Amino acid sequence: MRFDLSSAGVMALAVASALSTAWWLNHADARGQAHAATPAVVHAPAHGEPAQVLKAADGHYWADALIDGQSGPRAVRVMVDTGASVVVLTPDDAARLGLQLKSGDFSATVITASGPVPAAPVALRTVAVAGAHVEQVEALVVQRGLPHSLLGMSYLGRLSSFSATPSEITLRP
């Protein structure tokens, strides 16, 4: 069995993604019980053209997402992560989008491989990867601990479909 620093990093990301998904599922279930009488939010369907995201040499799928924050649209380099429940932004990427967060905004906690990390829930006007556009995307800004932003299921799950091959992921609005 081979174990190196790269493998440890991949394992840490996988564990962090699994733990954050478990946390979100647990809290989403609690919100659903507390607000059972509230109708579900209806989101506009994704629109645009299919997009291909190629696998990089590091084995991950990286995309340049055009995200419309408070300062208008900005390109953000994201790693496609089907294990992340939501789009997750680093503090640097959030600042570039004009999201001015105060310490009180970090009202959520995300469990990562490094332990619990405060996170701020935000809503992004649009997230687009190549031609695949999604409006009103839920996201989190983590206070620390992530080296890069993640394109999670709050975007991916709004597409009509996405599929992966050993060399690419295809996103279909």
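Now for a description of the structure that goes with this document.

What counts, and at which threshold
- Residues numbered from 1 in each chain as written.
- Predicted model: local features only at pLDDT ≥ 70, side-chain atom pairs only at ≥ 80, totals over all residues.
- Heavy atoms only, no water.
- Pairing = 2+ DSSP bridges.
- Helix = DSSP H or I, 4+ residues; strand = E, 2+ residues; numbered from the N terminus.
- Axes fitted to C-alpha atoms, helices over the stretch in contact; angles between N-to-C directions.
- Buried < 20%, exposed > 50% of the residue type's maximum accessible area, 1.4 Å probe, protein only.
- Lys, Arg positive; Asp, Glu negative; His and termini not counted.
- Salt bridge = Lys/Arg side-chain N within 4 Å of Asp/Glu carboxyl O.
- Polar contact = N/O pair within 3.5 Å; in protein donor to acceptor, adjacent residues only side chain to side chain.
- Contact = heavy atoms within 4.5 Å.

Judged by pairing direction, the sheet is antiparallel, and its three strands sit side by side in the order S2-S11-S10 without closing on themselves. Looking at strand neighbours, the two that pair on one side only are strand S2 (51–54) and strand S10 (161–164), the edges of this open sheet. This sheet shows a mean twist of 15° between the axes of neighbouring strands, independent of strand direction. Looking at chain direction, S2 and strand S11 (residues 168–172) are connected through four bridges and run antiparallel. Across the sheet, the residue bridging to Val53 is Ile169, located in S11.

We now examine the side chain of Arg158. Mapped onto the elements of the fold, Arg158 is located in the loop between helix H3 (153–156) and S10. In this structure Arg158 is buried but unpaired, with Glu135 as the nearest side chain of opposite charge at 6.7 Å. In this structure the side chain of Arg158 is engaged in a polar contact, spanning 2.7 Å, whose partner is the backbone oxygen of Glu135. At 3.1 Å, the side chain of Arg158 forms a polar contact with the backbone oxygen of Gln136. When sequence neighbours within four positions are dropped, the list of residues in contact with Arg158 reads His43, Ala44, Ala46, Val134, Glu135, Gln136, Val137 and Met153.

This part takes up the pairing of strand S4 (residues 72–80). Bridge analysis of strand S3 (residues 62–69) against S4 gives eight bridges, and the strand direction is antiparallel. Residue pairing in the sheet places Leu66 in a bridge with Ala75 of S4. Linking S3 back to S4 in an antiparallel pair, the connection comprises two residues. Alignment of S4 against strand S9 (residues 149–151), held across three bridges, turns out to be parallel.

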